Amino acid sequence: MAATANGNPHKPLGLFDVFAIGAGATLSGGLFLLPGPAATLAGPAILLCYVLVAIPLMPAVMCIVELSTAMPRAGGIYFFLDRSLGPLAGTIGGVGTWLTLVLKNAFALVGLGAYVSLYLDSSDWMTKGIAAGFALFFGWLNLAGSHKAGGFQRVLVIGLLLILGLFMAFGLPEVNTTRLEGVFDAPADVILATTGLVYISYIAVTKVASIAEEVHNPERNLTYGVFLAIGVCLLVYFLCVLVMVGVVPMEDLKGSTTPMASAAKAVLGAPGMGAIAAAAALAFFSVSNAGIMAASRYPLAMGRDDLLPSWFAKTNEAGTPIQAVIVTVASTIAVILLLDPLSIAKLASTFMLMMFATLCLAVIVMRESQLKSYDPGYRVPFYPALPVFGLLAPFALIAQMGLASTLFSLGLVGAGIAWYLTYAAPRVERRGALFHVFARWGEQRNEGLDTELRSILKEKGLREQDPIDELLLGAAVLDVTGRESFENLVRHAADRLWNATGHKQDVFVQGFTEGTLMGATPVAKGVALPHMRLEGIERPEMVLVRCREQLNIMAGDVFGKTTLSEGVHAIFFLVSPEEDPGQHLRLLAHLATRIDDPNFLGTWLSAKTEVELREVFLRNERYISIELGKNKAAQDWIGCCLRDIALPEGTLVAAIQRGSHTMVPRGGTELRTGDRLLIIGETEPIAELYELYG
């Protein structure tokens, strides 16, 4: 698969893709089918229900975003529950959510029949055949890769929002306010039951979480994409329902299977009804496309973790889980042809309400585990009040959903337990973060979870506010040419850090020495990373050490056993503020990522100057190095003062290497032939400098 605009072929989904999947999966049956049954229950008060739904919805959405930005992995609900509550909870969530999504996909495809029947005299079997055909089409599209499926999703959502925008623009002026008089007349229990029915429309947000692994820059794109999708959907639902209630007589709206078409016909006649029928087709296509993409990631994630056969975990070069997509599509077609998805999908909605509640519990468990490697890009505010409210609120709605829905959901729970006990339990030894919560009572912890979360941190990379460039440019550099002991290098580093922080040298000597002997210092590939966190410092500080002669370090492991390390040529002493462990781990992960480059050690040892040593770690898109004399395009800079050269806004000269001396640049510094300028800045102006100076 070719590289995408995001620069990573296996993470092809950007901000608009996340928005399109979230909005496209949500603006479907809840808008084009549910207002009719909802009006039967509550009459004009459905308008109030579409507002009240935000109260129990938003805490759950916030918890999903927090978990997704902390653990952007395929499988969504499954992965979050497995890593927080353990594999039994993960199996229940994974099996049940996958089955529920299959039912929802079938529901969306069969739902097209109600709008097709506006123009065709079709039988039930013809409608099912059309639905099965589209299931095959979306399955084929997903097999081509999430980039193509995501691209098609963008087209669908743009078309859908354009038509709905026209519907609202022409419909709102036609609203008859006298038809809104009964908005507050329905009893409280009716309002609650109808809000629960409306709530079902928004459970599709979980689909975004399940494809988080394929999202580029998940901390930004998942956060903004999900909240933008939910915000747009809440607004569109409210305004469209306002038009429906305001232009269609309530007796006609109650029980209607095509309420949007009825409203469009009342406003714009037959052309309006045709446009809404097209919008309904786009909506159901969109939810089906996103549903197959999302549902197939559950078998993928569970296959990776041995909760399902391992062949579910196989992917092609584009990262598409072929077998998982095929099984998901086949199951969707079977439901369409053999069952009544319109009825069963409503029953399954209670299970998704239960999953929303458990996701709020998962956030509480992950927070209380105090795993420092749990480092979400977004955190639910007003913790723990909002997650606790999100945990309890769905059960108030479930109580109004009826006995059949509850029994169906308990059946899904039972199926998950049965599968875990008969297949998965003998194959897994993993434990969730819940054991970390109870660690003080001597329960078993899963150290592998912390390792896994650290690997996720490494994959996610730095955040915009992480001061890696400033850290590297301000770091002291020690270039050791002869043999030197590790103990002496620790003391030299402590002297430099004393100058930078004002803390006594003994603090650093003790921290780095004890950390190394206790196994807290990573030593691999010729590099050692002694690190510590310290109260009373404002920002991270670092000392870079190059050892031209090989150095061996007496280092310990987590059991206290000390051994002589492999040969080391680089030591990076890092100290960070105590109150920000997440940033400390992200900085370490960034350093480790650069060290993993097979060319790192050769580049490090061959660097001729201090500036070149710093450049080894700088992000390519955030700096450029220009040597005057060699760079013909910058020839005019020679003899000029630094303040007089024209640099794009958002860049600055961070250092000048003149011979063997590194200079702190000032406005009056006169530039000479042979000067090497290290320029840092934002990505766009640095890209501009690359175009000008190579």
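As the structure is a prediction and not an experimental result, all values here were calculated from the model.

Draft legend 1. Broad picture of the environment of Val 65. Counting through the fold element by element, Val 65 comes out in helix α5 (residues 54–70). In this structure the C-alpha to C-alpha distance between Val 65 and Leu 601, which are 536 residues apart in sequence, comes to 38 Å. Excluding residues that lie within four positions of it along the chain, Val 65 makes contacts with Thr 223, Val 226, Phe 227 and Tyr 378.

Draft legend 2. Looking closely at empty space enclosed by the protein. With the rule as written, the count across this model stands at two cavities of 30 Å³ or more. Approximately 30 Å³ is the volume found for the second largest cavity. Grouping the amino acids of the lining of the second largest cavity by side-chain chemistry returns two nonpolar, two polar and two charged.

Draft legend 3. Examining helix α23 (residues 486–501) more closely. In a regular helix each residue adds 1.5 Å, so 16 residues correspond to 22 Å; α23 covers 22 Å between its end C-alpha atoms and thus fits that length. Those residues of α23 lying buried are Phe 486, Leu 489, Val 490, Ala 493, Ala 494, Leu 497 and Thr 501. Viewed along the axis of α23, the buried residues span an arc of 140 degrees, placing them on a single side of the element. Once α23 ends, the next one or two residues include Gly 502, with phi positive near 85 degrees.

Draft legend 4. Region of the structure containing the nonpolar core. Core analysis: the largest hydrophobic core is formed by 155 residues, its most contacted members being Leu 31, Phe 32, Met 71 and Leu 164. By residue number, the principal contributor to this core is helix α14 (residues 259–295), which donates 17 residues.

Draft legend 5. Region of the structure containing a nonpolar patch on the surface. A surface patch of nonpolar side chains, amounting to about 450 Å² of accessible area, comprises Trp 125, Leu 337, Leu 338 and Leu 339. With respect to the element layout, Leu 338 can be found in helix α16 (residues 322–338).

Draft legend 6. Region of interest: the sheet that holds strand β12 (residues 676–681). Strand order in this open sheet of four strands is β9-β12-β10-β11, and the pairing throughout is antiparallel. For this open sheet the edge positions go to β9 (623–627) and β11 (661–663), each flanked by a neighbour on one side alone. Neighbour to neighbour, the strand axes of the sheet diverge by 20 degrees on average, direction disregarded. Pairing analysis gives three bridges linking strand β10 (residues 651–658) to β11, with the strands arranged antiparallel. Across the sheet, residue Gln 657 finds its bridge partner in β11, namely Thr 662. Against the sheet, helix α28 (residues 683–693) engages β9, β10 and β12, with an angle of about 30 degrees to β9.

Draft legend 7. Expanded view of the layout of surface pockets. There is about 1,000 Å³ of room inside the second largest pocket. Taken together, 30 residues make up the lining of the second largest pocket; nearest its centre are Arg 454, Ala 520, Pro 522, His 531 and Leu 588. When contributions to the lining of the second largest pocket are tallied by element, the ones reaching two or more residues are α21 (447–460), α24 (505–517), β4 (531–534) and α25 (581–595). Residue composition of the lining of the second largest pocket, grouped by class: 15 nonpolar, seven polar and eight charged.

Draft legend 8. Molecular detail of the packing of helix α1 (residues 15–26) against helix α12 (residues 218–247). The N-to-C vectors of α1 and α12 enclose an angle of 35 degrees; their axes lie 8 Å apart at closest approach. The way α1 lies across α12 gives a crossing that is right-handed. Where α1 abuts α12, its residues Leu 15, Val 18, Phe 19, Gly 22, Ala 23 and Thr 26 lie against Arg 220, Asn 221, Leu 222, Tyr 224, Gly 225, Val 226, Leu 228, Ala 229, Val 232, Cys 233 and Tyr 237. When its residues are assigned to classes, the contact of α1 with α12 shows twelve nonpolar, four polar and one charged.

Draft legend 9. Geometry of the packing of aromatic side chains. For the structure on display, the rule yields 15 aromatic pairs. Judged by centre distance (4.9 Å) and plane angle (90 degrees), the ring pair of Phe 572 and Phe 617 falls under edge-to-face. Within this pair, whereas Phe 572 is found in strand β8 (residues 568–577), its partner Phe 617 is found in the loop between α27 (610–615) and β9, the two being separated by 45 residues in sequence. We classify Phe 572 as buried; its relative accessible area is 0%. Note on Phe 617: relative accessible area 1%, which makes it buried. Three or more aromatic residues joined by ring pairs make a cluster, and in this case those are Phe 572, Phe 600, Trp 604 and Phe 617. The lysine or arginine in question, Arg 367, covers the ring of Tyr 383, its NZ or CZ lying 4.4 Å from the ring centre.

Cut-off values and rules
Residues numbered from 1 in each chain as written. Predicted model: local features only at pLDDT ≥ 70, side-chain atom pairs only at ≥ 80, totals over all residues. Heavy atoms only, no water. Helix = DSSP H or I, 4+ residues; strand = E, 2+ residues; numbered from the N terminus. Contact = heavy atoms within 4.5 Å. 1 Å grid on protein atoms, 1.4 Å probe; cavity = no way out; pocket = protein on both sides within 12 Å on 5 of 7 lines; lining within 4 Å. Points joined across faces, edges and corners; volume = space filled by probe spheres on them. Nonpolar A, V, L, I, M, F, W, Y, C, P; charged D, E, K, R; others polar. Expected span 1.5 Å × (residues − 1). Buried < 20%, exposed > 50% of the residue type's maximum accessible area, 1.4 Å probe, protein only. Arc of directions from axis to C-beta. Core = buried A, V, L, I, M, F, W, Y, C linked by side-chain atoms within 4.5 Å. Patch = residues over 30% accessible without salt bridge, like charges linked within 9 Å, V, L, I, M, F, W, Y side chains within 5 Å. Areas by Shrake-Rupley, 256 points an atom, 1.4 Å probe, with all protein chains shown as cover. Salt bridge = Lys/Arg side-chain N within 4 Å of Asp/Glu carboxyl O. Pairing = 2+ DSSP bridges. Axes fitted to C-alpha atoms, helices over the stretch in contact; angles between N-to-C directions. Left-handed = near helix turned anticlockwise from the far one by under 90°. Phe/Tyr/Trp six-rings, centres within 6.5 Å; stacked < 30°, edge-to-face > 60°. Lys NZ or Arg CZ within 6 Å of the ring centre and 35° of its normal.

The values reported here are purely geometric and, on their own, carry no functional implication.
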